[in-house]
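Here is what each chain is made of, one letter per residue.
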Amino acid sequence: MLTLSAPAKINLHLHITGRADNGYHHLDSLVVFTDVVDHLTFSPADSCANSGERGLCSLEVAGDTTFAQHLKTDCNDQDNLIVRAAHHLAEYLSLHALAPVNIRLEKHIPLGGGLGGGSSDAATTLLGLNRSWNAQLSVETLHQMAAKMGSDIAACLTAPTPILLRDTGNTLLPAPKMPECYLVLVNPMSSSPTPAVYKRFAQNSTPFSSPIVFPDSFATVQDLCSFLKEHTQNDLTAAAESINPDITGVLHALATCREALLTRLSGSGSTCYAIFANKTAAHQAATELQRHYPDWWITPTRF
Ligand code: C5P
């Protein structure tokens, strides 16, 4: 039995720098991973009627019931990124019969929230099955596989190491060295679907931004936040707010917290984050916000 963590990612900035021939957008984004995680447990199945040559015998979902109840456990459901990752790996290995494996997902990351929960689960599935099936594929091979499956999955293979994304999100460059940062994540419990946000961005004919040249390191959280504030933004913010107006309220609530150094949308939303000067400030802000907004998903975390 093997249990691995699949951490939530945050896009500290997200510049849209152009458009690829396939309609996808070119990005420039500094990605970090938080200690909000899903857990995936891989265990050998004794016998399995439905695994065939594809190795995945059963998928069980547990954890935060608000999120887990929306997830299907059908091992042939290609909409499920865990299933897709398992099938991709099985196909690549093309062995006659892979030892059947059960996967249990303990879900804590909000769905469709701009935190890459599904992508992180898929990346962790590739890592877990690579070990469970003793496939010994290199990280480069897993990256190539991940890049074919969705835009954030290759980045999530590097977790928890921060990474700089370029092109459509599949070119990974080293990130600057960063201090430990404490932050609060807030999701209004309403989604802003990624395809709709990118479509709205394209309709708005927003000018493209430039990629950012980062220094090699940031010594303090204040240095990091000053740099991000001065030189970067999330270009999807206006599009996401028009798709989901709840985001405007979340950004306002976070910006008015004491000692919030930087407030921003992550990815295409709807989760927003605020970075704080220290752990105490982040925890106090989370407690106060939860009192005012009991229906929002709010959590202090760090990267
Ligand atoms: O790859 P993923 O499934 O996360 O992307 C969802 C949608 O977001 C894509 O179908 C595309 O419309 C949009 N997208 C984009 N450019 C990217 C990533 C995603 O236009 N780099």
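Higher on the page you've got the structure.
No experiment lies behind these values; they were computed from the predicted model shown.

A. Focus on the nonpolar core. Within the largest apolar cluster, 39 residues are counted, with the highest numbers of intra-cluster contacts made by Phe-42, Leu-89, Ile-103, Leu-129 and Trp-133. Among residues more than four places away in sequence, those in contact with Phe-42 are Met-1, Leu-2, Leu-4, Val-101, Asn-102, Ile-103, Thr-124, Thr-125, Gly-128, Leu-129 and Ser-132. Core analysis: the second largest hydrophobic core is formed by 29 residues, Val-184, Ala-239, Ile-247 and Leu-254 among them.

B. Structural view of the state of the cysteines. Taken as a whole, this structure holds 1 disulfide when the rule is applied. With a sulfur-sulfur separation of 2.1 Å, Cys-48 is cross-linked through a disulfide to Cys-57. Around the S-S axis, the bridge from Cys-48 to Cys-57 shows a dihedral of about 110 degrees and counts as right-handed. Cys-57 sits in the buried class, given a relative accessible area of 11%. Here Cys-156 stays unpaired: no disulfide links it, and the sulfur of Cys-272, its closest cysteine neighbor, is 19 Å away. Cys-156 sits in the buried class, given a relative accessible area of 5%. Between Cys-257, a free cysteine, and Cys-272, which holds the nearest cysteine sulfur, the sulfur-to-sulfur gap is 12 Å.

C. Region of interest: the site of the ligand. The environment of the ligand is made up of Gly-23, Tyr-24, His-25, Leu-27, Gly-150, Ser-151, Thr-168, Thr-194, Pro-195 and Tyr-198. Note that an oxygen atom of the ligand is positioned 2.8 Å from one of the side-chain N or O atoms of His-25. Within the complex, 73% of the 450 Å² of free accessible area of the ligand lies under protein. Among the elements of the structure, β2 (25–44) and α6 (194–203) are those that each provide at least two residues to the shell around the ligand. No other element matches the 3 residues that α6 contributes to the shell around the ligand.

D. Broad picture of the pattern of salt bridges. Under the criterion given, the structure shown has 9 salt bridges. We note a salt bridge from Arg-302 to Asp-35, for which the minimum N-O separation is 3.2 Å. With a gap of 267 residues between them, Arg-302 in strand β10 (residues 297–302) and Asp-35 in strand β2 connect regions that are remote in the sequence. Its relative accessible area of 36% is what places Arg-302 among the partly exposed residues. The class for Asp-35 is partly exposed, based on a relative accessible area of 42%. Glu-180 is the salt-bridge partner of Arg-302, the closest N and O atoms lying 2.9 Å from each other. Taken together, the residues Arg-302 in strand β10 and Glu-180 in the loop between β6 (171–174) and β7 (182–187) connect sequence positions 122 residues apart. The structure contains a network of salt bridges with shared partners spanning Asp-35, Glu-180 and Arg-302.

E. Fine view of the sheet that holds strand β9 (residues 272–276). An order of β8-β9-β7-β10 is seen for the 4 strands of this open sheet, with the pairing classed as antiparallel. Of all strands in the sheet, those bounded by a partner on one side alone are β8 (260–265) and β10. When strand polarity is set aside, the average angle formed by the axes of neighbouring strands in this sheet is 20 degrees. Note: β7 against β9, 5 bridges, orientation antiparallel. By the bridge assignment for β9, Val-186 is matched with Cys-272. Relative to the sheet, helix α7 (residues 221–231) contacts β8 and β9, its axis offset from that of β8 by approximately 45 degrees. Helix-sheet contacts for helix α9 (residues 246–255) involve β7, β8 and β9, and the interaxial angle to β8 is about 170 degrees.

Cut-offs used in this document
Residues numbered from 1 in each chain as written. Predicted model: local features only at pLDDT ≥ 70, side-chain atom pairs only at ≥ 80, totals over all residues. Heavy atoms only, no water. Core = buried A, V, L, I, M, F, W, Y, C linked by side-chain atoms within 4.5 Å. Buried < 20%, exposed > 50% of the residue type's maximum accessible area, 1.4 Å probe, protein only. Contact = heavy atoms within 4.5 Å. Disulfide = S-S within 2.5 Å. Near = heavy atom within 4 Å. Polar contact = N/O pair within 3.5 Å; in protein donor to acceptor, adjacent residues only side chain to side chain. Areas by Shrake-Rupley, 256 points an atom, 1.4 Å probe, with all protein chains shown as cover. Helix = DSSP H or I, 4+ residues; strand = E, 2+ residues; numbered from the N terminus. Salt bridge = Lys/Arg side-chain N within 4 Å of Asp/Glu carboxyl O. Pairing = 2+ DSSP bridges. Axes fitted to C-alpha atoms, helices over the stretch in contact; angles between N-to-C directions.

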